[in-house]
Amino acid sequence: MSDTDDLVEIEQLLARYAVAMTRGDVDRVLAAFTPDGSYSAFGDTYPLDEFPALIAAAPKGLFLVGTPVIEPAGDAATGTQPLCFVEHSAHEMRIGYYNDTYVRTPDGWRLRTRAMTFIRRSGVHDSGRPHAFERTRP
């Protein structure tokens, strides 16, 4: 597979993630990750088994993503993708970007890690305030 094919496949993976988050399709969100994948935000890292509850506690709305910058390295890659989230009921926005790691699997490219950085009105970039999600384990 060429670098161009890899880039297109990763971009489509990220598009499927954004559409699945917008639609609240947890199974498709989870399918974007490797089984050992994780998501980091709100000052913590969440393994995939906690992701359904994390998504359920999160606001709902449109996940509008930009074209990612991807750095391929064989069967792995890193990338950054801008995000503008628009909450559905009040149309309030959150902006920021994801820092990702990807890995090629037998089923195609998958996210191994995804870390959210929010951009505040003050210009500060941070991982966010503690989430409404209540962890079931320490």
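In case you missed it, the structure is sitting above this.
All of these numbers come straight from a predicted model, not from anything done at the bench.

Rules and cut-offs
Residues numbered from 1 in each chain as written. Predicted model: local features only at pLDDT ≥ 70, side-chain atom pairs only at ≥ 80, totals over all residues. Heavy atoms only, no water. 1 Å grid on protein atoms, 1.4 Å probe; cavity = no way out; pocket = protein on both sides within 12 Å on 5 of 7 lines; lining within 4 Å. Points joined across faces, edges and corners; volume = space filled by probe spheres on them. Helix = DSSP H or I, 4+ residues; strand = E, 2+ residues; numbered from the N terminus. Salt bridge = Lys/Arg side-chain N within 4 Å of Asp/Glu carboxyl O. Buried < 20%, exposed > 50% of the residue type's maximum accessible area, 1.4 Å probe, protein only.

Undergrad: Residues and numbers for the layout of surface pockets, please.
TA: Estimates place the volume of the second largest pocket at around 180 Å³. Taken together, Leu13, Arg16, Val19, Ala20, Arg23, Asp25, Arg28, Ala31, Ala32 and Arg110 form the lining of the second largest pocket. At the level of secondary structure, the elements contributing two or more residues to the lining of the second largest pocket comprise α1 (3-23) and α2 (26-31). The element best represented in the lining of the second largest pocket is α1, accounting for 5 residues.

Undergrad: Any chance you could break down the pattern of salt bridges for me, citing the residues and the numbers?
TA: What the rule picks out here adds up to 6 salt bridges. Of the charged contacts in the structure, one is a salt bridge between Arg104 and Asp6, with a shortest N-O distance of 2.9 Å. Placement of the pair is Arg104 in strand β6 (residues 93-105) and Asp6 in helix α1, with a sequence separation of 98 residues. On the basis of relative accessibility, which here comes to 28%, the residue Arg104 falls in the partly exposed class. Among the residues examined, Asp6 registers a relative accessible area of 3% and is labelled buried. Arg114 serves as the salt-bridge partner of Asp100, at 2.8 Å between the closest nitrogen and oxygen. Pair noted here: Asp100 is in strand β6 and Arg114 is in strand β7 (residues 108-119), with a separation of 14 residues, a long-range link. Classification of Arg114 as buried rests on a relative accessible area of 0%. Salt bridges linked by common partners bring Asp6, Asp75 and Arg104 together as one network.

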